[in-house]
Amino acid sequence: MSKVQIKVNDNGSYRVTGDVELVDAEGNVFETKPSFSLCRCGLSNKKPFCDGSHKGNFE
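The present account deals with the structure reproduced in this document. (Residues numbered from 1 in each chain as written. Predicted model: local features only at pLDDT ≥ 70, side-chain atom pairs only at ≥ 80, totals over all residues. Heavy atoms only, no water.)

## Notes on the sheet that holds strand β5 (residues 35-38)
1) Next: Taken in spatial order, the three strands line up as β1-β2-β5 in an open sheet, and their pairing is antiparallel. Two strands in the sheet have a free side with no partner beyond their single neighbour: β1 (5-8) and β5. Direction aside, the axes of adjacent strands within the sheet are offset by 20 degrees on average.
2) Next: Strand direction decides the pairing type here: β1 and strand β2 (residues 14-17), joined by four bridges, are antiparallel. Counterpart to V8 in the pairing with β2 is Y14. (Pairing = 2+ DSSP bridges. Helix = DSSP H or I, 4+ residues; strand = E, 2+ residues; numbered from the N terminus. Axes fitted to C-alpha atoms, helices over the stretch in contact; angles between N-to-C directions.)

Structure representation (structure tokens):
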């Protein structure tokens, strides 16, 4: 099993790479790809995923 990597992008998202299960507070599982980005600015319309809304609006 390979190691999961979470990269904190400067002024942007968390980039998650590896075999992980993403679950919400109620236990519902999100469908994910082998690599995806999570929002950390709160501006995304596709939360918990990043849609690029942070560009120019988050540090």
